[in-house]
Amino acid sequence: MVRYIGRRLLQMIPVFIGATLLIYLMVFALPGDPIQALGGDRGLSPAVADQIRSQFNLDKPLIVQYLLFLKGIFTFDLGNSFSGQPIFDVVARAFPVTIKLALMALVIEAVLGVGIGFIAGLRKGGIFDGTVLLVSLVVIAVPTFVIGFVLQFFIGVKAGWLPPTVGGDVSLKSLLMPAIVLGAVSFAYVLRLTRTSVAENLSADYVRTATAKGLSRRRVVNVHVLRNSLIPVITFLGADLGALMGGAIVTEGIFNIAGVGGTLYQAIIRGEPTTVVTFVTILVVVYIIANLLVDLLYAVLDPRIRYA
């Protein structure tokens, strides 16, 4: 198992370097001069512009800039944004909020999606299964911002069950409704994926063999069918964690959450490439860690992967 983890960690190194290099090149190789944009319509004098370029290492070759950026990532010295704020402080304020929101959304979609999808798969073709498929299709078809405004109005404003906006209060209660909105579409996909996987595994040869050997249906379903059905679901959930964090811009905007989405959007609008690259790099790290956890869960669910 240790060797298995070691191999996966080594595979993540070129992925991290390649992804961050590509992101850095794409952001900093874009046409336009972000330094001159700091001066607005009047612009900056050449001396001031050169001083700012030197301060942010923008006067060096692009590959040298990237290596200095990596050094800052590994030493936790991210420097300052163009507005003068330490980027580390910006990250420290934004990421804990979005991580909490994304994890809550992931738990909601995993627990409810797998649970309801599992029951629907066992009752394939029934009324419950048809209702679940219809509801999940509606959730997928409705845009996220519509779901957000509807829940915000009826649950937050009319019923008063949950706070309609978050603001500075990032408690679990205030983040519950945004988490439901953020994970709604993924919940529908997890539900349908689990339902299809369970229905297919119920008719597999190994299920008939286990039943013929005298194993009870409960053991066959809970041990064999469920474990094998979870493999594609775990794959989706692992990739979805990063997608939830990166795609939280709309949800955070609706519920006034000062997280990664809003901060990243403002950095793009203000033309702060260093802040943008830093945030996206951290999202890449989240993707890599999530995929590593998925690989480990593969080995737990299917020992053949671990012993291969």
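Residues numbered from 1 in each chain as written. Predicted model: local features only at pLDDT ≥ 70, side-chain atom pairs only at ≥ 80, totals over all residues. Heavy atoms only, no water.

### A closer look at the overall build of the chain
Regarding its fold elements, the chain presents 14 helices and zero strands. Along the chain direction, N to C, the helices and strands of the chain fall in the order α-α-α-α-α-α-α-α-α-α-α-α-α-α. Along the longest, intermediate and shortest principal axes, the C-alpha atoms of the chain span 85 × 55 × 30 Å. Going through the 308 residues of the chain one by one, you find that 40% of them count as buried. For the chain, contacts bridging at least 24 residues in sequence account for 74% of all contacts bridging at least 6. Accessible area of the chain: about 16500 Å², with a carbon and sulfur share of 68%. (Helix = DSSP H or I, 4+ residues; strand = E, 2+ residues; numbered from the N terminus. Buried < 20%, exposed > 50% of the residue type's maximum accessible area, 1.4 Å probe, protein only. Contact = heavy atoms within 4.5 Å. Areas by Shrake-Rupley, 256 points an atom, 1.4 Å probe, with all protein chains shown as cover.)

### A look at the side chain of glutamine 65
Tracing the backbone shows glutamine 65 in helix H4 (residues 62-74). On the basis of relative accessibility, which here comes to 6%, the residue glutamine 65 falls in the buried class.

### Here we look at the environment of valine 276
Residue placement: valine 276 occurs in helix H13 (residues 273-301). Each C-alpha atom, one on valine 276 and one on valine 64, is 18 Å from the other, the two residues being 212 residues apart in sequence. Those residues in contact with valine 276 that lie beyond four places of it in its chain are Leu264, Ala267 and Ile268.

### Describing the UniProt feature "domain: ABC transmembrane type-1" (unreviewed entry) in the chain
On the UniProt side, "domain: ABC transmembrane type-1" (unreviewed entry) is annotated at positions that read residues 95-298 here. Between the end C-alpha atoms of residues 95-298 the distance is 28 Å, and the span holds 83% helix and 0% strand. (UniProt positions renumbered as here; feature names shortened; annotations may be inferred.)

### Considering the nonpolar core
Counting residues in hydrophobic clusters, the biggest one holds 64 residues, and the most contacted among them are Phe95, Phe255, Ile257 and Phe279. Going through the elements one at a time, helix H1 (2-28), H4, helix H5 (87-122), helix H8 (172-202), helix H10 (217-246), helix H12 (260-270) and H13 are the ones with two or more residues in this core. Considering each element in turn, this core owes the most residues, 13 residues, to H5. For phenylalanine 255, the residues in contact, after removing those within four places along its chain, are Gly148, Gln152, Pro164, Thr165, Val166, Gly167, Met177, Pro178 and Val181. (Core = buried A, V, L, I, M, F, W, Y, C linked by side-chain atoms within 4.5 Å.)

### Remarks on the UniProt feature "transmembrane region" (unreviewed entry) in the chain
Taking the UniProt record as the reference, the feature "transmembrane region" (unreviewed entry) is found at residues 12-30, 101-120, 132-155, 175-193, 229-255 and 275-301. Its end C-alpha atoms 28 Å apart, residues 101-120 is made of 100% helix and 0% strand. The distance separating the terminal C-alpha atoms of residues 175-193 is 26 Å; by composition the span is 100% helix and 0% strand.

### Overview of the packing of H5 against H8
Taken N-terminus to C-terminus, the directions of H5 and H8 make an angle of 35°; their axes are 5 Å apart at the nearest point. Judged by the sense of rotation from one axis to the other, the crossing of H5 with H8 is right-handed. (Axes fitted to C-alpha atoms, helices over the stretch in contact; angles between N-to-C directions. Left-handed = near helix turned anticlockwise from the far one by under 90°.)

### Description of the environment of asparagine 80
By the secondary structure assignment, asparagine 80 is in the loop between H4 and H5. Taking the relative accessible area as the measure of exposure, asparagine 80 reaches 34% and is therefore partly exposed. If we ignore the near neighbours within four places in the chain, the residues touching asparagine 80 are Phe56, Gln85, Pro86 and Ile87.

### Side note on a nonpolar patch on the surface
A surface patch of nonpolar side chains, amounting to about 710 Å² of accessible area, comprises Phe145, Val146, Phe149, Val150, Phe153, Phe154, Val157 and Val250. Element by element, the count of residues in the nonpolar patch is highest for helix H7 (residues 144-158), at seven residues. (Patch = residues over 30% accessible without salt bridge, like charges linked within 9 Å, V, L, I, M, F, W, Y side chains within 5 Å. Salt bridge = Lys/Arg side-chain N within 4 Å of Asp/Glu carboxyl O.)

### Points about the pattern of salt bridges
Under the counting rule described, the total for this entry stands at one salt bridge. Here aspartate 129 ties to arginine 195 by a salt bridge, and the two come within 2.8 Å at their closest N and O atoms. Within this pair, whereas aspartate 129 is found in helix H6 (residues 127-141), its partner arginine 195 is found in helix H8, the two being separated by 66 residues in sequence.

### A closer look at the packing of aromatic side chains
Under the definition given, this model contains six aromatic pairs. Pairing phenylalanine 95 with phenylalanine 279 gives two aromatic rings, centres 5.3 Å apart and planes at 35°, and the pair type is tilted. Here phenylalanine 95, found in helix H5, pairs with phenylalanine 279, found in helix H13; they are 184 residues apart in sequence, far enough to count as distant. Note on accessibility: phenylalanine 95 and phenylalanine 279 belong to one class, buried. (Phe/Tyr/Trp six-rings, centres within 6.5 Å; stacked < 30°, edge-to-face > 60°.)

### Notes on unusual backbone geometry
The phi dihedral of phenylalanine 76 falls on the positive side, at around 60°, and the residue is not glycine. Looking at the element boundaries, phenylalanine 76 is found in the loop between H4 and H5. Note on phenylalanine 76: relative accessible area 62%, which makes it exposed. Notably, asparagine 256 is not glycine yet its phi reads approximately 55°, a positive angle.

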